[in-house]
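# Observations on the three-dimensional arrangement
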Amino acid sequence: MEDSYQLFVEMNTRDEVSWTALLTGYAQFGKANETIDLFERLLAIGLKPDGVTFIRVLSACSRAGLVEKGLQYFESMIKEHGIIPIHDHYTCIIDLLC
C-alpha cells in the first residue's frame, strides 16, 4: 500500500477514480482509519464521491465496527450526495449492523 500511496501522491491530477482506487486498496487491506481519512480528504477538496466510493467506505466502517460513522455516511450518501442506494450499499449496511 505504501507504493500505491506514493504513486498517488506523485500524480499530477487526482480525480474521483484515482481516489476511489486508493480507498479500495486501503479498505481491502482492512485499513479502515486510512480509508476514512482519505474519504474525508476527498470531500474536503470538493470532489464528489460516487456509489462505488461509498461502497468502499461503508465496507471499511463495517470491518472496523464503526457503526455510527457508517450510518452517517449512508445517510449523507442519500441526502447530501443524491446517490440512490443499490443492493451493494444495503449489503454493507446489513453487515455493519450485524
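Please read these numbers as outputs of a predicted model, since none were measured by experiment.

## Structural notes on the environment of cysteine 61
Considering the arrangement of structural elements, one finds cysteine 61 in helix H4 (residues 51–64). Those residues within four positions of cysteine 61 in sequence are excluded, and the remaining contacts are Ile36, Leu66, Lys69, Gly70, Tyr73 and Leu96.

## So, the confidence of the model for the protein
In this model, the protein carries a mean pLDDT of 93, and residues with pLDDT of at least 70 account for 100%. Put simply, helix H1 (residues 2–10) is where the protein has its lowest mean pLDDT, 86, and helix H5 (residues 67–79) is where it has its highest, 97.

## Topic: the state of the cysteines
For the structure shown, the criterion picks out zero disulfides. With no disulfide partner, cysteine 92 has as its closest neighbouring cysteine sulfur the one in cysteine 61, 9.5 Å distant. No disulfide involves cysteine 98; its nearest neighbouring cysteine sulfur is the one of cysteine 92, lying 12 Å away.

## Here's the deal with the packing of aromatic side chains
The tally for this structure, following the rule as stated, stands at five aromatic pairs. The interplanar angle of 35 degrees and the centroid separation of 6.5 Å between the aromatic rings of tyrosine 5 and phenylalanine 8 together place this pair among those described as tilted. A residue pair is termed a helical-turn pair when its members lie 3 or 4 positions apart in one helix, as tyrosine 5 and phenylalanine 8 do in helix H1 at three residues. Overall, the relative accessible area of 4% leaves phenylalanine 8 in the buried class. Plain terms: the ring middles of phenylalanine 39 and tyrosine 73 are 5.0 Å apart, the flat faces sit at 80 degrees to each other, and that makes the pair edge-to-face. Of this pair, phenylalanine 39 sits in helix H3 (residues 32–44) while tyrosine 73 sits in helix H5; the two residues are 34 residues apart in sequence, bridging distant segments of the chain. On the basis of relative accessible area, phenylalanine 39 is assigned to the buried category, the value being 1%. Members of the aromatic cluster, each reached through a chain of ring pairs, are Tyr5, Phe8 and Trp19.

Cut-off values and rules
- Residues numbered from 1 in each chain as written.
- Predicted model: local features only at pLDDT ≥ 70, side-chain atom pairs only at ≥ 80, totals over all residues.
- Heavy atoms only, no water.
- Helix = DSSP H or I, 4+ residues; strand = E, 2+ residues; numbered from the N terminus.
- Contact = heavy atoms within 4.5 Å.
- pLDDT = per-residue confidence, 0-100.
- Disulfide = S-S within 2.5 Å.
- Phe/Tyr/Trp six-rings, centres within 6.5 Å; stacked < 30°, edge-to-face > 60°.
- Buried < 20%, exposed > 50% of the residue type's maximum accessible area, 1.4 Å probe, protein only.

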